[in-house]
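A look at the structure
Here is how the chains run, residue by residue.
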Amino acid sequence: STQSTGELAITTFKSLGLVTVMCGDGTNDVGALKHADVGVAIISNAPEVKPEKKELERKEKEKSEKKMAILQEFREINQKRTLQERQKLLEEKLKELQEDTMVKLGDASIASPFTSKYSSVKCVCSIIRQGRCTLVTTLQMFKILALNALIIAYCQSALYLDGVKFSDGQATLQGLLLAGCFLFISRSKPLDKLSKTRPHANIFNLYTISTVLLQFAVHLYTIIRLVDAVHAIEPRKASIDLDAEFSPTLLNTIVYIVSVTLQLNTFIINYRGHPYMESLRENKPLCYSAIFTAVFMTILTFGLMPDVSSEFSLLIPPDHLKQEVFTTL
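Rules of the game
Residues numbered from 1 in each chain as written. Predicted model: local features only at pLDDT ≥ 70, side-chain atom pairs only at ≥ 80, totals over all residues. Heavy atoms only, no water. Salt bridge = Lys/Arg side-chain N within 4 Å of Asp/Glu carboxyl O. Helix = DSSP H or I, 4+ residues; strand = E, 2+ residues; numbered from the N terminus. Buried < 20%, exposed > 50% of the residue type's maximum accessible area, 1.4 Å probe, protein only. Axes fitted to C-alpha atoms, helices over the stretch in contact; angles between N-to-C directions. Parallel < 35°, antiparallel > 145°, perpendicular 65-115°, else oblique. Left-handed = near helix turned anticlockwise from the far one by under 90°. Contact = heavy atoms within 4.5 Å. Nonpolar A, V, L, I, M, F, W, Y, C, P; charged D, E, K, R; others polar. 1 Å grid on protein atoms, 1.4 Å probe; cavity = no way out; pocket = protein on both sides within 12 Å on 5 of 7 lines; lining within 4 Å. Points joined across faces, edges and corners; volume = space filled by probe spheres on them. Core = buried A, V, L, I, M, F, W, Y, C linked by side-chain atoms within 4.5 Å.

Summed over all chains, the structure comprises four salt bridges. K14 is paired through a salt bridge with D37; the nearest N and O atoms lie 3.9 Å apart. Of this pair, K14 sits in helix α1 (residues 3-15) while D37 is found in the loop between α2 (30-35) and β2 (38-42), placing the two residues 23 residues apart along the sequence. With a relative accessible area of 37%, K14 lands in the partly exposed category. Here K322 and D319 are joined by a salt bridge, their closest N and O atoms 3.6 Å apart. Linking K322 with D319, this pair stays in helix α12 (residues 319-328), spanning three residues, or about one helical turn.

So this is what it looks like as structure tokens:
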């Protein structure tokens with residue numbers, strides 16, 4: 001298409017409130033690529049689709065054979081030429097080899113935020129899949145952060161009323177265990193197939209707000225129930241000293257285990273997975289990180305490693321409380 005036709009089509013579609021995508025491979029497409037919401041430069045001389053494994057292996061073999069032929073030719077004529085002639089010949093051969101392996105980008109690549117290695121417009125589907133995966137990851141991170149903030153706020157409030165707090169070691173351990181989940185959840189990869197359904201565009205919708213509120217209601221009930229169970233064994237003190245040095249208590253132990261476990265639950269429950277990204281089982285690093293954290297919290301709950309519990313200033317709960325905590329969580 002001519003430059004004016006492409007620009008006119010894009011600007012017309014945008015004036016109607018439509019989101020536009022433009023694919024182009026030449027100078028005449030630069031104007032339309034700049035005006036489009038998403039511009040994709042495609043390389044005209046590139047293959048339409050990604051070559052198969054056997055084809056790639058064949059091309060790699062041809063390249064290596066060509067390199068060997070050039071080296072053999074250079075060795076044969078090496079003794080018959082002067083030093084300057086050798087250097088000039090070597091530069092010509094290397095330049096020829098480099099031109100064969102490099103992909104030549106056109107003017108369209110300068111005007112576009114995306115450049116495809118192939119000449120097919122199928123790359124648009126890849127951009128949409130990547131964009132949806134990024135959007136879903138961002139939305140689920142907002143949900144997780146909101147729930148974790150509410151959980152931590154109530155847990156700190158429950159400890160404050162008894163003049164108790166988390167130790168430095170406990171806070172460090174909590175941060176390390178959950179940091180892995182935050183890291184690996186952001187590394188989710190999109191699926192190979194484009195879904196027919198669209199994800200929510202933002203967090204301000206009935207589904208997102210209702211799920212956050214309902215999940216927090218369940219978490220709040222869990223925390224209140226277990227805190228009451230602790231107070232039944234260890235009644236609240238009549239007077240509290242907020243400036244006193246930290247000392248392990250049963251309330252501190254139970255609230256810490258509950259806090260970390262509930263925050264871990266928010267990652268597992270709110271991870272979206274299919275149809276926009278790989279599932280929790282397919283995201284191996286996140287899956288293993290969640291399993292490790294869950295197993296570690298189980299060990300602390302049942303006091304299976306007293307030395308580890310003591311290292312992080314945690315007490316071993318009574319047997320009936322262990323069972324109640326584990327069942328509730």
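Attention shifts here to the packing of helix α6 (residues 123-160) against helix α7 (residues 168-185). Contact geometry for α6 and α7: axes closest at 11 Å, N-to-C directions at 160°. Here α7 runs roughly antiparallel to α6, going by the angle between their axes. Here the hand of the crossing between α6 and α7 comes out right-handed. Side by side, α6 and α7 meet where T137, Q140, M141, I144, L145, N148 and I152 of the first sit next to Q174, F182 and I185 of the second. Looking at the contact of α6 with α7, its residues break down into six nonpolar, four polar and no charged.

Turning our eyes to something else, we now look at empty space enclosed by the protein. Throughout the structure, instances matching the rule amount to one cavity of 30 Å³ or more. One number sums up the size of the largest cavity: a volume of about 60 Å³. Every residue lining the largest cavity is listed: R129, R132, C133, P190, L191, K193, L194, S195, P275 and Y276. Tallied by class, the residues present in the lining of the largest cavity amount to six nonpolar, one polar and three charged.

The next thing to look at is the layout of surface pockets. There is about 520 Å³ of room inside the second largest pocket. Considering the residues around the second largest pocket, the lining is formed by 14 residues, among which V19, V21, I128, R132 and R198 are closest to the centre. If you list the elements that add at least two residues to the lining of the second largest pocket, you get β2 and α6. By residue number, the principal contributor to the lining of the second largest pocket is α6, which donates six residues. Grouping the constituent residues of the lining of the second largest pocket by class yields 11 nonpolar, one polar and two charged.

Here the focus is the nonpolar core. Grouped together as the largest cluster of nonpolar side chains are 30 residues, with contacts concentrated most on I223, L251, I254, V255, F296, L300 and L321. Going through the elements one at a time, α6, α7, α8 (206-233), α9 (250-270), α10 (284-302) and α12 are the ones with two or more residues in this core. No other element matches the nine residues that α9 contributes to this core. With near-sequence residues (within four places) excluded, L300 lies in contact with I257, V308, S309 and L314. Counting residues in hydrophobic clusters, the runner-up holds 14 residues, among them M141, L264, F267 and Y271.

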